[in-house]
Amino acid sequence: MSGLNGESSRILQNFIGGEYVDSIQTPCKYIPVTTPHTGEVIAQCPISTAEDVEKAVEAAKEAYKSWSARTVKDRVQTLFRFHNLLHTHIDELADLIVLEHGKNKAEAIASIAKGAETVEYATSLPQLIQGKILDVSKGVTCNDTRVPLGVVASIVPFNFPIMVPMWSLPIAIATGNTLILKPSEKVPLTMYRIVSLLKEAGVPDGVVNLVNGTVDAVNAICDHPDIKAVTFVGTSQVANLVMERCHKLGKRVLALGGAKNHLIASPDCNVETTSTDVVNSFSGCAGQRCMAASVLLIIGSQPELLERITDKAMALKSGSKSGEVGPVIDKASLDKITSYIEASEHGGANILVDGRSWTKSHTKGFWIGPTVIFHKNKEDKALHDEIFGPVLSIYQCSSKEEAIEIENNNPYGNAACVYTTTGATAEWFIKRFNAAMCGVNIGVPVPREPFSFGGINRSKFGNFVDITGDGGVEFFTWRRKVTTRWGQENLDPKLKM
Ligand code: NAD
């Protein structure tokens, strides 16, 4: 069977110790990977077990001995080459993302470029992590240097097949750790290709290992005593499970969860830029971004803004070219999104733009068009739950105080943004938002490198701050503090002053 790009339904393996290897269990169980454009099966992903994780840990432990002994300057040479390979293969990689995830080609390319930025950050680590030294009293010096943890692991979601793995992989290995990565079983093809590029770049065997699978592989990673730290990105429910499981072993864990991001349109906002930005934010990547707009709170009546948002959302077309909106990941996601639109409609909300027409007009695949809902009831579930699709919920507030109260009461804390042309209004909201990544006139306020990425509340579990930038360096290392005194007593008498 062939996929969109002639990709055959191939049987995938794991990548352990620098080789593609079958999952150990016999018979090996697989989960079908589908392309969301048509629902067609394009690959079979192994459902790895604890034995596969054990094998990956052994390979990573062996590789750690020599990898951690190399200097950071030496280690990052492989990342310079890998960065180059990411760019020379960007077209091929973007096609894989389009095929298995459904992003349009421009979104896929942008996500690889963003992933490449975290690789760039990691190549600068020799300039950034040289440690500290100080004479703390007469004849006594203290120095503080960073030490890798050992074997670490990353468990990643479906929505960014390369970019999210690149939040952890480059910093984890540049700081001297060896890594086990568990891709999403919904999009395993892209990282499957990436590990071969890492090998081509000179990353030694066993430094990056891929264990494909689902719950069993994740549980085995959390439970393995030789895996010293785990990063997770996915839904809040699983993030919480992963955190609790890792904490039972006292393991270092950073688990990023879901989101419900609020944008606020102040009466003085620029209608043209606000409407363009809001539509791009909620419909880009078919709304499957943890930083996507999902609730727009309009302060007072703003009919012109509503009209421009509606017009721009209605003008969007389905497809995989730049500017078009792709499908959502699978049938379960499509059904979930549809159920929120139906519930809002039954609850009396106005469906200003109805994406359900796309589901009817596509006979295959998982399509739902941009949907704009104008809510009258503050309790509508679509205003509160993470929907993770191209749906914008709009609610009109009577004041900025009401808007901030709604934003503050949501349990997540990834992103929030205000649209205004007044500095004082922007400052008022930024000081009050209950979210860690805030924007002023920016629909997707992702902190770009070297700033680190991470939310608060139910968008982040675990006891570390952020996943990229200096947050990542802190997560993937511990600090060795050495206090030294070389007394004068043993000094060669000839050298004594
Ligand atoms: P998910 O939680 O279903 O899956 C994430 C990973 O966990 C996958 O590798 C999956 O195999 C594994 N998994 C799934 N169920 C599990 C279980 N019961 N036990 C153990 N492991 C399990 O998430 P998803 O649907 O792949 O990704 C979408 C979610 O990720 C959204 O909620 C989105 O907001 C979130 N996300 C958050 C961020 C962030 O920075 N906060 C970034 C990207 C995505």
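The structure presented is a predicted model; accordingly, all values stated were derived computationally and were not measured.

Participant: I would appreciate a short explanation of the pattern of salt bridges in the present structure.
Facilitator: Opposite charge on two side chains allows them to pair when their charged atoms are near. On inspection of all chains with the given rule, the structure shows 27 salt bridges. Across the salt bridge formed by Arg245 and Asp223, the nearest N and O atoms sit 2.8 Å from each other. Of the two residues, Arg245 sits in helix H9 (residues 236–248) while Asp223 sits in helix H8 (residues 215–223), which places them 22 residues apart along the sequence. In this structure, Asp335 and Lys331 form a salt bridge, with 2.9 Å as the shortest nitrogen-oxygen distance. One end of the pair is Asp335 and the other is Lys331, both in helix H12 (residues 331–346) and four residues apart, which spans about a single turn. Taking relative accessible area as the criterion, Asp335 reaches 38% and is therefore assigned partly exposed. Using a relative accessible area of 46% as the deciding quantity, one classes Lys331 as partly exposed. Linked by salt bridges that have partners in common, Asp144, Arg146, Glu474 and Arg479 make up one network.

Participant: Sorry, what's going on with the pairing of strand E17 (residues 391–397) here?
Facilitator: Strand residues, when the strand is regular, have side chains that alternate between the two faces of the sheet. Judged by how many residues are buried, E17 sits mostly within the fold: six of seven residues are covered. Summarising the sheet, strand E14 (residues 293–299) and E17 pair through five bridges and their orientation is parallel. Residue pairing across strands places Ile299 opposite Cys397, the latter belonging to E17. In this structure, strand E16 (residues 371–375) lies alongside E17, joined through five bridges in parallel fashion.

Participant: How do you make sense of the site of the ligand when you look at a structure like this?
Facilitator: If you check the shell around the ligand, you find 27 residues, and the closest are Lys182, Glu185, Thr235, Gly257 and Glu386. Take Phe158: an N or O atom from its main chain is 3.1 Å from an oxygen atom of the ligand. Between the ligand and Lys182 there is a distance of 2.7 Å, counted from an oxygen atom to a side-chain nitrogen or oxygen. Here the ligand, which alone exposes 840 Å², has 88% of that area covered by the protein. Every element with two or more residues in the shell around the ligand is listed here: H8 and strand E11 (227–233). Shared between two domains, the shell around the ligand holds at least three residues of each, these being domain 1 (7–221 + 454–482) and domain 2 (261–411 + 415–440).

Participant: I keep staring at helix H2 (residues 72–88) and nothing clicks. Help me out?
Facilitator: Along an α-helix, a turn takes 3.6 residues, which lines up residues three or four apart on a common side. An ideal rise of 1.5 Å per residue puts 24 Å on 17 residues; H2 measures up with 25 Å between its terminal C-alpha atoms. Residues Val72, Arg75, Val76, Thr78, Leu79, Phe82, His83, Leu85 and Leu86 constitute the buried set of H2. Seen along its axis, H2 keeps its buried residues to an arc of 165°; they face one direction. Exposed positions of H2 whose direction lies more than 90 degrees from the buried face are Lys73 and Thr88.

Participant: How do you make sense of the packing of aromatic side chains when you look at a structure like this?
Facilitator: Centre distance and the angle of the planes are the two values used to describe a pair of aromatic rings. Evaluated as defined, the whole model comprises seven aromatic pairs. Centroid distance Tyr20 to Tyr192: 4.7 Å. Interplanar angle 45°. Geometry classified as tilted. Taken as a pair, Tyr20 in strand E3 (residues 19–21) and Tyr192 in helix H7 (residues 189–200) lie far apart in primary sequence, 172 residues in all. Three or more aromatic residues link up through ring pairs in this structure, and these residues are Phe15, Tyr20 and Tyr192. Directly above the aromatic system of Phe160 lies the positively charged group of Lys103, at a separation of 3.7 Å from the ring centroid. Residue placement shows Lys400 over the ring face of Trp428; its charged tip is 4.6 Å from the ring centre.

Calculation rules
Residues numbered from 1 in each chain as written. Predicted model: local features only at pLDDT ≥ 70, side-chain atom pairs only at ≥ 80, totals over all residues. Heavy atoms only, no water. Salt bridge = Lys/Arg side-chain N within 4 Å of Asp/Glu carboxyl O. Helix = DSSP H or I, 4+ residues; strand = E, 2+ residues; numbered from the N terminus. Buried < 20%, exposed > 50% of the residue type's maximum accessible area, 1.4 Å probe, protein only. Pairing = 2+ DSSP bridges. Near = heavy atom within 4 Å. Polar contact = N/O pair within 3.5 Å; in protein donor to acceptor, adjacent residues only side chain to side chain. Areas by Shrake-Rupley, 256 points an atom, 1.4 Å probe, with all protein chains shown as cover. Domains from an automatic or database assignment. Expected span 1.5 Å × (residues − 1). Arc of directions from axis to C-beta. Phe/Tyr/Trp six-rings, centres within 6.5 Å; stacked < 30°, edge-to-face > 60°. Lys NZ or Arg CZ within 6 Å of the ring centre and 35° of its normal.

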